[in-house]
Amino acid sequence: MKPLLILTLLATSAGASAMSAGEYVAKAGDCSACHTSPEGQALAGGMRFATPLGDIYATNITPDKKYGIGSYSFDDFDKAMRKGVAKDGHHLYPAMPYTSYAKMTPEDMRALYDYLMTEVKPQAVENKKSDIPWPLSMRWPLGIWNSLFLQEGIYQPQTEKGDEWNRGAYLVQGAGHCGACHTPRGWAMQEQGMDQAELRFLNGAELDGWYAPSLRGLNVSKDDLVALLKTGRSRHAALSGPMGEVVTHSSQYLTDSDLNGIATYLLSLEALPSDAKPTKPTAGAMLSGAQTYARYCSTCHTPKGEGVDFTIPRLAGNLTVNADNPQTLIRVVLDGAQTPVTQQHMSYGMPGYGWALNDQEAADLMSYLRGSWGNKAAPVTAEQVGKVRAEINK
């Protein structure tokens, strides 16, 4: 079979047999993450997203004819998914990742449409209006945005690559829309790259108080990466925060074949070269951090940061600990973390220590983590900790 990477075919393989083809596409696209609010009905919208201009809210995508997409023809749906234009002609905000969905095959798009129209329960839930004030709320400038940044056309397999690589590329670039979180944004909030041809693609980005780390140059085995995507944990690492939610609602449902494809593709991406010269923590910070680590952390993570296989993440070489931007690490230290709930595992958690550590103490601890056991990341400042603490306490 040519590597068109049609999810409708993959949905019949082991691990996805209980789902229809369209539900599998919906899982791969993690539709519920945005279109189901914490206290709301499934896919009935209402999830709030903060933007520099004001808050916007995800829409109802159930087949309700008044408030949802029940009156959409397939062509209407396809246009919204690929071009960000609703049935009535208004432009969608690009918080909806239609720039990624544009790469999906017609077969996958049809399967998703059929699922939403025939398997999802209609919900008569009115859509919330955005909080963006007029005239900034006018939608017509988004047409100009599309002309500048929307790359139309379905994913084209790279003939010099194998089927597994192409399958992973299709999932990452298309339905999975990984770049929406992991790719830095430009002056107009556009993703600075939509595929591996641009080195900024998947090079890490700050989003909603977290830092989605670079997925380029990953120092992890293929088996461990597959395990992280399927269960939220591997021998030496664990996921939490927004990526943990992706595992809970999306990637755990993908077939092993698809997960291996994603891993193959991601592990092929080279790290972006950096001219930055790492700075070292002061001796005082290292001493203070070591004392705090011994008091609060070493019992679980071990004195040398080795962790416990499949249970406590290793800190030596840890992606979050060594990220260029320490924002996620700061959140974990201050507020704790929970691993995702999956079909294979219950969640386990790490307590936060914001109650016990002031900004300087927390900064010294993280500087110690980022400068020990072979880690060579830049130290953390008290100012950085204070900024994240303020965000958490909002």
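Remember, predicted model here, so these are calculated numbers, not experimental data.

About the thresholds
- Residues numbered from 1 in each chain as written.
- Predicted model: local features only at pLDDT ≥ 70, side-chain atom pairs only at ≥ 80, totals over all residues.
- Heavy atoms only, no water.
- Pairing = 2+ DSSP bridges.
- Helix = DSSP H or I, 4+ residues; strand = E, 2+ residues; numbered from the N terminus.
- Buried < 20%, exposed > 50% of the residue type's maximum accessible area, 1.4 Å probe, protein only.
- Lys, Arg positive; Asp, Glu negative; His and termini not counted.
- Salt bridge = Lys/Arg side-chain N within 4 Å of Asp/Glu carboxyl O.
- Contact = heavy atoms within 4.5 Å.
- pLDDT = per-residue confidence, 0-100.
- Polar contact = N/O pair within 3.5 Å; in protein donor to acceptor, adjacent residues only side chain to side chain.
- Disulfide = S-S within 2.5 Å.

Examined bridge by bridge, strand 1 (residues 48-51) and strand 2 (residues 54-57) share four bridges and lie antiparallel to one another. Directly across from Arg48, in strand 2, lies its bridge partner Tyr57. The antiparallel hairpin formed by strand 1 and strand 2 contains two residues in its connecting segment.

With that out of the way, let us pick up the side chain of Arg331. Following the sequence through the fold, Arg331 ends up in helix 16 (residues 327-335). Within the buried core, Arg331 has no salt-bridge partner, and the shortest N-O distance to an opposite charge, that of Asp335, equals 4.7 Å. Beyond its immediate stretch of four places on either side in the chain, Arg331 contacts Asp208, Gly209, Trp210, Gly336, Val388 and Ile392.

It is worth spelling out the confidence of the model for the chain at this point. Across the chain, the average pLDDT comes to 93, with 96% of residues at 70 or higher. A low-confidence stretch, residues 1-6 stays under pLDDT 50, and its non-local contacts, those more than four residues away or across chains, total 16 contacts. Taken as a whole, residues 8-15 scores under 50 in pLDDT and shows 18 contacts with residues more than four places along the chain or in a different chain.

This part covers the pattern of salt bridges. If you walk through the whole model with that rule in mind, you get ten salt bridges. Between Arg167 and Asp258 there is a salt bridge; the shortest N-O distance is 4.0 Å. Separated by 91 residues along the polypeptide, Arg167 in helix 8 (residues 163-173) and Asp258 in helix 12 (residues 256-267) bring together distant segments of the chain. Here Arg235 ties to Asp309 by a salt bridge, and the two come within 2.8 Å at their closest N and O atoms. In this pair, Arg235 sits in the loop between helix 10 (222-231) and helix 11 (241-249) while Asp309 sits in the loop between helix 14 (298-301) and helix 15 (319-322), placing the two residues 74 residues apart along the sequence.

Considering the arrangement of structural elements, one finds Thr36 in the loop between helix 3 (31-35) and strand 1. Between the alpha carbons of Thr36 and Met47 there is a distance of 6.3 Å; along the sequence they are eleven residues apart. Once residues lying within four places of it in the same chain are set aside, the contact partners of Thr36 are Gln41, Ala42, Leu43 and Met47. In this structure the side chain of Thr36 is engaged in a polar contact, spanning 2.8 Å, whose partner is the backbone nitrogen of Leu43.

Cis geometry is adopted by the peptide bond preceding Pro135, which originates at Trp134 and carries an omega value of 10 degrees. Within the secondary structure, Pro135 is located in the loop between helix 6 (106-118) and helix 7 (141-149). Positive phi outside glycine occurs at Asp208, with the angle close to 50 degrees. Under the relative-accessibility criterion, Asp208 is labelled exposed at 54%. A positive phi angle, close to 65 degrees, is found at Phe310, a residue other than glycine. Structurally, Phe310 can be placed in the loop between helix 14 and helix 15. Taking the relative accessible area as the measure of exposure, Phe310 reaches 52% and is therefore exposed.

In this section: the state of the cysteines. Evaluation of the coordinates by the stated rule reveals zero disulfides. Here Cys181 is not cross-linked by a disulfide; its sulfur's nearest cysteine counterpart is in Cys34, at 8.2 Å. Cys300 provides the cysteine sulfur closest to Cys297, a residue in no disulfide bond, and the two sulfurs are 8.8 Å apart. Accessibility expressed as a relative area gives 12% for Cys297, which makes it buried.

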